[in-house]
Amino acid sequence: MPAGGSSLFSGFRVLGLYSNHVPHALRYHLKHREFYVVTAVGRSFHTFNVNRLGIVAVSNSLPDDITCLAADRMLVFAATGRLISAFARNKEVVMHYNGHEQEVRLLLPLGDQLISADSGGDVIVWDVQSGEVYLRLHFDPATFDVSAMMHPSTYLNKVLLGSSQGALQLWNIKTSKLLFTFAGWSAGVTVLQQSPAVDVVGVGTATGRIVIHNIRLDETLMSFTQDWGPITSLSFRTDGPPIVASGSPQGHIAFWDLERRQLVTQHRHAHKTSIAGATFLQGEPILVTNGADNAIKVWIFDQEGGGARLLRIRQGHSAPPTTIHHHGNDGKNILSAGQDGTLQSFSTVHERFNKNLGHGSVNKKKEKKKKKGLTYEELRLPAITAFSSSVTRQSDWDGIIACHRDRLATTTWNYQRCTMGAHHLQPPGSRRGAIATAVDITSCGNFAVIGSSCGRVDVYNLQSGLHRGCYGDDEKAHNGVVRGIATDTLNQLTLTTGSDWLLKFWRFKSKKLEEEMKLNTAPASMKLHRESGMLALALDDFTLVVVDIETRRVVRKFAGHHGNINDMTFSPDGRWLVTVAMDCTIRTWDLPSGSLVDCFLVATAPVSVSLSPTGDFLATAHVDSLGLYLWTNKSLCGPVGLRPLPADYQPAVETLPGVTVEETEQEVNSEEEEDVYQSAEQLGAELVTLSLLPESRWKSLLHLDEIKKRNKPVAPPAAPAAAPFFLPTVPGLTPRFATQTQSEHETQSKVLNWGVLSQRSEFICTLESALTTGSFDQPLRLLKDCGPAALSVELNSLGPEGGGARELLLVFIQMIDSMLASGRDFDLAHAYLALFLKLHLRSLSQDATAMEALNHLSSRLEKGWAELQASFDQSLCLLSYAKSALL
């Protein structure tokens, strides 16, 4: 029977994917004044802002994995095999460049050209806009295998090429001429980097040597050597101190002083894998690095002695996760244990809430004594194989317990402190070669129950780490490997199952066996839904068994998987059981009906699954995948018709979800203007459109006199009379000062007629020209730019008293009439007309032509208001009916 995909789950997003082995590309946005880092993740690339390391863009997927990245001011270039694609706005493919016959491994944007080099020796110069080949160069890989490219600063149309044989060549790509050949240093060139000084470049070699070379004089200025293998990246600091940073395959970073010609400091294990890329921000003491360990790190140089500290980080698992569980009752955090030995917490809300609980240590006190970044590999614990968590008492003591590969001792972890706990729980008198296989924490959060491969089941107190007993006679609960442990809600029962085909029920407190059940085959794993008392067991014959722990009977049996069942989880209400297996299927079983209700295929086999306590998201981890994939539960968004699927049901393949951008982080990451929809100024001729001006620009026009009167000061400040330098005196024996008398000229009025001094404003000039053109858009635009006081002055100047003329009054009436006829700026037309009539009604009433125009305008006003009143009445009537009617 053909299938149509999952009817219950749909792909939502993936968590924990940040970077891979491809070096990052750095961009600077002039408008935002912010740096962005672009990293490759499989078939797409992600763009993060360096200030917060928040993801702002995710590109569309390409047909194959990205092998190299490059970026300029406008575009991001990504190579996949022989194909090169150009992305605009960090998302959309706008151009393809086809022409290479081998895999492209180097990209270099240079102005309007893009230079690419492949493994076959071809170097092609592309025209970015047209996509045409501008120049093609071919090198024999046996004599000159291009391994690095760079553009020397101020060298117009010049490209410096480095080879794995050690030689360097300087080419002019415009004339297609070889300008100079550098002999090299008897070692393959891995990195070429421009220094802040003109003519000086940094060369990294495969032997670990760093050469600072002057290409103009062909003179080596200085050289350094690191002991960690080839140079994987070089970057010069440009904010002042003459520092160059070099990366290594071991994940170490060295910082060299170019003035003192010595090593300044080093950061060992900056990344768990090789340093893919390291770049200093232009003019800032900040270094951005990425590596194949799925991490992006930002370092700041503010330590004494020129040292750097970690400023920001985004990291996931460097090896595929093996076990995942939701932590807490809100379903917002997912605990994940990976093959890299770390335990991490991923937030479904935002990446800033992610936590890294770190790597387990055999002896935590000894590891605290390590100095200068030195790591003792023998102190690190192997990967976690199984773990259990509880939030009940996590604020008081450790709330996570974990089993490690090939180890009997289990470790405790503290979620709130994001670190490994102090206890290593190991049963006393244990058999050599035994390992811990299953763990569980009680619902009260006080006890941990641990099963081992020798058949022991032990109980420990999580607060003190003391051993509190074991189950079974002769300290042995099963005659084989313990494969599952669970405790009920009230700590009355402990359920264990093992490779001896038995399911046993124990009293938790007395540790006595109450009952055992024989299974048809050996169980592989076990999962208990505490609220409903349903216990699910996955058997080695690829079948499922559901046991009711109250009646202690098998209530459901499910068959349909064609591979080992890796994990299973219950829905919050206990109605569904979701299982994942090596046959690449994710199946949902309905317990009340006892049937399969949903099934779909994925590209890679899922190894772990967890359904959130709120039921909104299903999380899965897959083989050879570093991310956690979230699937949305469609039943929470609307009705979903679930029907029993037939036995011959053929599931369809569902695509794994990709990364989504947080709404709070979305930004425009190119200097191109996006195509934003512009609404029309008038949607319909029969409609009325209001202006977008604030009410303060037109609502107070009729009350300007009152506003001026209210804001008038009580007593205006009087300037003191200026005294003359020589005070006049009255002639006589007694010296007296002469008093000034007002002259006849001073008693005359200084108030002049406004019409004498007035000049025609720009508004009046455009109003007169509008009479001939018939368009009043320009004078209306000028009025919109005026404030209330300036608007009153402009309307005053229309009359003869203000220096205007009778014709201007008639033209203004025509402008208001055209505004009402078009239906645009309805509020402004009424406000302007009211102020106009207030100022000039007396003079207009004496002009017959003006009165005729006003009567025509009055009829248009009444008609428009009648239509609006009818619409208002209809809407009010409908609203009143909807509020009072019994629906």
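Above this text sits the structure in question.
Let me begin by describing the structure that accompanies this report. For clarity, every value in this text was computed on a predicted model and none was experimentally measured.

## Regarding the packing of helix α8 (residues 826-844) against helix α9 (residues 848-884)
Put simply, α8 and α9 touch, their axes get as near as 13 Å, and they point 150 degrees apart. By the criterion of interaxial angle, the relationship of α8 to α9 is roughly antiparallel. Here the hand of the crossing between α8 and α9 comes out left-handed. Seen from α8, the contacting residues are F826, H830, L833, L837 and L844; seen from α9, they are A850, M851, L854, L857, L861, W865 and L868. Residue composition of the contact of α8 with α9, grouped by class: 11 nonpolar, one polar and no charged.

## Observations concerning the sheet that holds strand β31 (residues 333-338)
If you walk across this open sheet you meet the four strands as β30-β31-β32-β33, and the pairing is antiparallel. The sheet is open, and its two borders are formed by β30 (321-327) and β33 (355-359), each paired with just one other strand. The sheet shows a mean angle of 20 degrees between the axes of neighbouring strands, taken without regard to direction. As defined by bridge partners, strand β32 (residues 342-347) adjoins β33 across three bridges and the pair is classed as antiparallel. Across the sheet, T342 pairs through a bridge with H359, a residue of β33.

## Observations concerning the sheet that holds strand β3 (residues 34-41)
What links the strands of a sheet is backbone hydrogen bonding, and the strands pair in either a parallel or an antiparallel sense. Taking strand neighbours across the sheet as the criterion, the four strands line up as β2-β3-β4-β5 in an open arrangement whose pairing is antiparallel. Bordering the open sheet on either side are β2 (25-29) and β5 (55-58), each of which pairs with just one other strand. Adjacent strand axes in the sheet meet at a mean angle of 25 degrees, parallel and antiparallel pairs treated alike. Across three bridges, strand β4 (residues 44-49) lies against β5 in antiparallel orientation. Across the sheet, residue H46 finds its bridge partner in β5, namely V58.

## Considerations on the packing of aromatic side chains
Per the counting criterion, the structure on display carries 18 aromatic pairs. Between F12 and F617 the ring centres are 5.1 Å apart and the planes differ by 25 degrees, which places this aromatic pair in the stacked class. One end of the pair, F12, is in strand β1 (residues 9-15); the other, F617, is in strand β55 (residues 617-622), with 605 residues separating them in the sequence. An aromatic cluster is built from F77, Y97 and W126, whose rings are joined through pairwise contacts.

## Overview of the nonpolar core
The nonpolar side chains of a soluble globular protein tend to be buried, and buried together. If you look at the biggest cluster of nonpolar residues, it comprises 36 residues, and the most contacted ones within it are F763, L767, L798, F812, I816 and Y832. Residue assignment for this core shows that the elements contributing at least two residues are α4 (762-773), α5 (777-785), α6 (788-796), α7 (806-822), α8 and α9. The element that contributes the greatest number of residues to this core is α7, accounting for 10 residues. With near-sequence residues (within four places) excluded, L798 lies in contact with F763, I764, L767, G804, A805, L808, L809, F812, F836 and H840. Membership of the second largest hydrophobic core comes to 18 residues, among which are L110, I115, A117 and W171.

## Examining the pattern of salt bridges
Taken as a whole, this structure holds 18 salt bridges when the rule is applied. With its nearest N and O atoms 3.4 Å apart, the salt bridge here joins R530 to D440. Of this pair, R530 sits in the loop between β46 (523-529) and β47 (534-539) while D440 is found in strand β38 (residues 436-441), placing the two residues 90 residues apart along the sequence. Measuring nitrogen to oxygen at the nearest pair gives 3.5 Å for the salt bridge that ties E515 to R552. Taken together, the residues E515 in strand β45 (residues 513-518) and R552 in the loop between β48 (543-548) and β49 (553-559) connect sequence positions 37 residues apart. Under the relative-accessibility criterion, R552 is labelled buried at 18%. Sharing partners across several salt bridges, the network here consists of R507, E514, E515 and R552.

Rules used throughout
- Residues numbered from 1 in each chain as written.
- Predicted model: local features only at pLDDT ≥ 70, side-chain atom pairs only at ≥ 80, totals over all residues.
- Heavy atoms only, no water.
- Axes fitted to C-alpha atoms, helices over the stretch in contact; angles between N-to-C directions.
- Helix = DSSP H or I, 4+ residues; strand = E, 2+ residues; numbered from the N terminus.
- Parallel < 35°, antiparallel > 145°, perpendicular 65-115°, else oblique.
- Left-handed = near helix turned anticlockwise from the far one by under 90°.
- Contact = heavy atoms within 4.5 Å.
- Nonpolar A, V, L, I, M, F, W, Y, C, P; charged D, E, K, R; others polar.
- Pairing = 2+ DSSP bridges.
- Phe/Tyr/Trp six-rings, centres within 6.5 Å; stacked < 30°, edge-to-face > 60°.
- Core = buried A, V, L, I, M, F, W, Y, C linked by side-chain atoms within 4.5 Å.
- Buried < 20%, exposed > 50% of the residue type's maximum accessible area, 1.4 Å probe, protein only.
- Salt bridge = Lys/Arg side-chain N within 4 Å of Asp/Glu carboxyl O.

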